[in-house]
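Analysis of the macromolecular model
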Amino acid sequence: MNVLIIGSGGREHALAWKVAQSPRLSKLFIAPGNPGTMTCGENVPIDTDNHADVIRFCMDERIDLVIVGPEIPLAAGLVDSLFESGIRCFGPKQAAAQIESSKVFSKDFMARHHIPTARYATFTQLDEAIRYLKSVDYPVVIKASGLAAGKGVILPDTFEKAKTTLENIFIEKTFGDAGLEVVIEERLSGQEVSLMSFTDGTSVMPMLPAQDHKRLLDDDQGPNTGGMGAYAPAPIFTAEMMTEAIESVLKPAIDGMRMEGNPFVGVLYAGLILTKSGLSVLEFNCRFGDPETQVVLPLLETDLLDVVDACVNGNLADVDIRWKDGAAVCVVLASKGYPEKSESGKKVEFSELPENVVCFYAGTKTDSNGNIITAGGRVFGLTTWANEIGVAIRDVYANIEKVSFEGMQYRNDIGKRTLSRTHG
Ligand code: AMP
Ligand code: GLY
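The rules behind these values
Per chain, the residues get numbers from 1 upward, laid out in the order the sequence is written. Following the order in which they are written, the chains are lettered starting with A and the ligands numbered starting with 1. Given that this is a predicted model, residues contribute local features only at a pLDDT of at least 70 and side-chain atom pairs are listed and counted only at 80 or more, while totals for whole chains, interfaces and linings are drawn from all residues. By convention in this description, side-chain values take in all heavy atoms of the structure and omit both hydrogens and water. When DSSP finds two or more bridges between a pair of strands, those strands are recorded as paired. Runs of H or I in DSSP of at least four residues are treated as helices and runs of E of at least two as strands, each being numbered from the N terminus. The angle between two axes is taken between their N-to-C directions and runs from 0 to 180 degrees, where each axis is a line fitted to C-alpha atoms and a helix contributes only its stretch in contact. Any Lys or Arg side-chain nitrogen located within 4 Å of an Asp or Glu carboxyl oxygen qualifies as a salt bridge. Using a 1.4 Å probe on the protein chains alone, a residue whose accessible area is under 20% of its type maximum counts as buried, one over 50% counts as exposed, and one in between counts as partly exposed. Proximity is defined per residue: any heavy atom of the residue falling within 4 Å of a molecule or strand makes that residue near it. Two N or O atoms count as a polar contact when they lie within 3.5 Å, although within protein this holds only if one can serve as hydrogen donor and the other as acceptor, and sequence-adjacent residues are included solely when both atoms are side-chain atoms. All accessible-area figures derive from a Shrake-Rupley calculation using a 1.4 Å probe, and residue coverage is judged against the displayed protein chains alone. Gly is put with the polar residues, along with every residue not named as nonpolar or charged; the nonpolar set is Ala, Val, Leu, Ile, Met, Phe, Trp, Tyr, Cys and Pro, and the charged set is Asp, Glu, Lys and Arg. Disulfide: a pair of cysteine sulfur atoms within 2.5 Å of each other. A contact between two residues is defined here by any heavy atoms of the two lying within 4.5 Å. By definition in this entry, angles of less than 35 degrees are roughly parallel, angles greater than 145 are roughly antiparallel, angles of 65 to 115 are roughly perpendicular, and the rest are oblique. Left-handed is the label given to a crossing in which the near helix is rotated counterclockwise from the far helix by less than a right angle, and right-handed is the label when the rotation is clockwise.

1. Describing the sheet that holds strand E16 (residues 266–275)
Across the sheet, four strands lie side by side as E11-E10-E16-E17; this open sheet has antiparallel pairing. Sheet topology places strand E11 (204–206) and strand E17 (278–285) at the edges, where each strand pairs with a single neighbour. For this sheet, the mean inter-axis angle between neighbouring strands, taken without regard to orientation, is 35°. Bridging between strand E10 (residues 191–199) and E11 involves three bridges; their strand directions are antiparallel. Bridging across to E11, phenylalanine 198 finds its partner in methionine 205.

Written out as structure tokens, the structure is:
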């Protein structure tokens, strides 16, 4: 198979790394890719916003399958355009991608299908939103409905802060069109679990549950980020919870999308929160998570191309998806200033890594002298796996300074909450 992966982050490097191991692969291309994906296949500088260019490339290179990484091209209908030209593609069409691209759609969809989620209301007018804020007696979360690169969720501690947030969204237009509609929902508490699943639109198969670390600093301090590290599987997510999630979240979501005429093919990612009264969906994403993919794919025993091909063919139920024993840990190496204003252009130094440690590249590029330099907030995800999570954590931190650049910051406690749990 000739395969094209769309995207340029750590998630796409992990996808490329896994696809490159497939015996079914003939040629792998990544558009636009990054200096890491170059070691798995050929990077191609196509503008993926231009659907006609992507289609032409797929025709010229006889691409058998396109895998779309990020949400933006999915929300822009790249999958629809490719299918119209007869090109097979793994990922939801635009209408199905709304499950992520419109939080109003997503919440109303969950309500229609009785999928557990926080109480909420949706608004297009400031005065109505403020009136609602005054009427509720619980802490709230305010969400811009549209895509906002992970920044559109605000957790105000006071009424005044909530009011200011709404004013910023509706009057100052801090999120632009993404803030034309707003969801106000009840703030829940509990541990969060990222449950990604493969689906062909009818069958749905969960991946290993993972935990992301969203805050910048150790002990979950500091601002929210795109994710500073992850581990899988998440021991807190029991087999009973998995059954509950399949029956009350994943199946109703896939059935609901299909029944409404928007069958969802690709990865459905449920962001779950484990509350005292059961699990609840914080959000759906219409794609692989980043950095969750960097810890889940190394544990996938089955050929990823077998799985994604079956999703596109509609016969996922025939595939036996196997996982390796053990656990994986990924620590994100971020630039100074991330997440507010990241430095870039810093030269990266590498020492040799042992075989069980992989450095997934994210915000990086190659300069005119062939050096790797930083080019974004999250620069690398250093990842390892082992029979036990404790060993994986030890190995990843033992190698962490083998990749370094000026101003590099990372968390020291990725995965460590699993250890304190076992030791009481
Ligand atoms: P989202 O982009 O919707 O996943 O939200 C980003 C983060 O905001 C989540 O990972 C949670 O930490 C937090 N969050 C979102 N919704 C809620 C909620 N209803 N209650 C508590 N925290 C929330
Ligand atoms: N790690 C969170 C996300 O991919 O949305």
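Okay, back to it.
2. Considering the pattern of salt bridges
Within this structure, the stated rule accounts for 26 salt bridges. Residue arginine 287 is joined to glutamate 100 by a salt bridge in which the shortest nitrogen-to-oxygen separation is 3.1 Å. Taken together, the residues arginine 287 in the loop between E17 and helix H10 (292–296) and glutamate 100 in helix H5 (residues 94–101) connect sequence positions 187 residues apart. Note on arginine 287: relative accessible area 12%, which makes it buried. Looking at glutamate 100, the relative accessible area reads 7%, which means it is buried. What emerges from the salt-bridge pattern is a single network uniting Arg24, Arg88, Asp306 and Asp309.

3. Let's talk about the site of ligand 1
Ligand 1 sits among 13 residues. The nearest are Glu185, Glu186, Leu188, Glu192 and Glu283. Lysine 103 is positioned such that a nitrogen or oxygen atom in its side chain is 3.3 Å from an oxygen atom of ligand 1. Glutamate 186 places a polar main-chain atom, nitrogen or oxygen, 2.9 Å from a nitrogen atom of ligand 1. The protein chains hide 90% of the 470 Å² of surface that ligand 1 would expose on its own. Of all the elements in the fold, those that place two or more residues in the shell around ligand 1 are strand E7 (140–144), strand E9 (182–186) and E17.

4. Regarding the site of ligand 2
Lining the immediate environment of ligand 2, one finds Asp212, Lys214, Gly226, Tyr269, Asn285, Arg287, Gly289, Asp290, Pro291 and Glu292. Within the contact set of ligand 2, a nitrogen atom lies 2.8 Å away from a side-chain nitrogen or oxygen of aspartate 212. The separation between an oxygen atom of ligand 2 and a polar side-chain atom of asparagine 285 is 3.3 Å. In the complex, 88% of the free accessible area of ligand 2, which totals 200 Å², lies under the protein chains. Residue composition of the shell around ligand 2, by class: two nonpolar, three polar and five charged.

5. Considerations on the state of the cysteines
One pass over the full model with this rule turns up zero disulfides. Cysteine cysteine 311 shares no disulfide, and the gap to the nearest cysteine sulfur, in cysteine 89, comes to 12 Å. The exposure class assigned to cysteine 311 is buried, which follows from its relative accessible area of 1%. Here cysteine 330 stays unpaired: no disulfide links it, and the sulfur of cysteine 359, its closest cysteine neighbor, is 9.1 Å away.

6. Focus: the environment of isoleucine 236
Residue placement: isoleucine 236 occurs in the loop between strand E15 (229–232) and helix H9 (239–259). Of the residues examined, isoleucine 236 reaches a relative accessible area of 17% and is grouped as buried. Distance in space between the C-alpha atoms of isoleucine 236 and serine 145 is 30 Å, their sequence separation being 91 residues.

7. Some words on the sheet that holds strand E4 (residues 65–68)
An order of E3-E2-E1-E4-E5 is seen for the five strands of this open sheet, with the pairing classed as parallel. One side of each edge strand has no neighbouring strand; the edge strands of this open sheet are strand E3 (42–43) and strand E5 (89–90). The sheet contact formed by strand E2 (residues 27–32) and E3 spans two bridges and is parallel. When the sheet's bridge partners are listed, phenylalanine 29 is paired in E3 with glutamate 42. Along the sheet, helix H1 (residues 10–19) makes contact with strand E1 (2–7), E2 and E4, crossing E1 at roughly 165°.

8. A few points about the packing of helix H7 (residues 126–135) against helix H8 (residues 159–172)
Running from N to C, H7 and H8 point in directions that differ by 165°, and their axes come no closer than 10 Å. When the interaxial angle is binned, H7 and H8 end up roughly antiparallel. Here H7 and H8 pass one another in a crossing that is right-handed. Residues Leu126, Ala129, Ile130, Leu133 and Lys134 of H7 touch H8, and the partners they reach there are Phe159, Ala162, Lys163, Leu166, Glu167, Phe170 and Ile171. Looking at the contact of H7 with H8 residue by residue, the class counts come to nine nonpolar, no polar and three charged.

In short, the description is geometric, and any link to function would need to be established separately.
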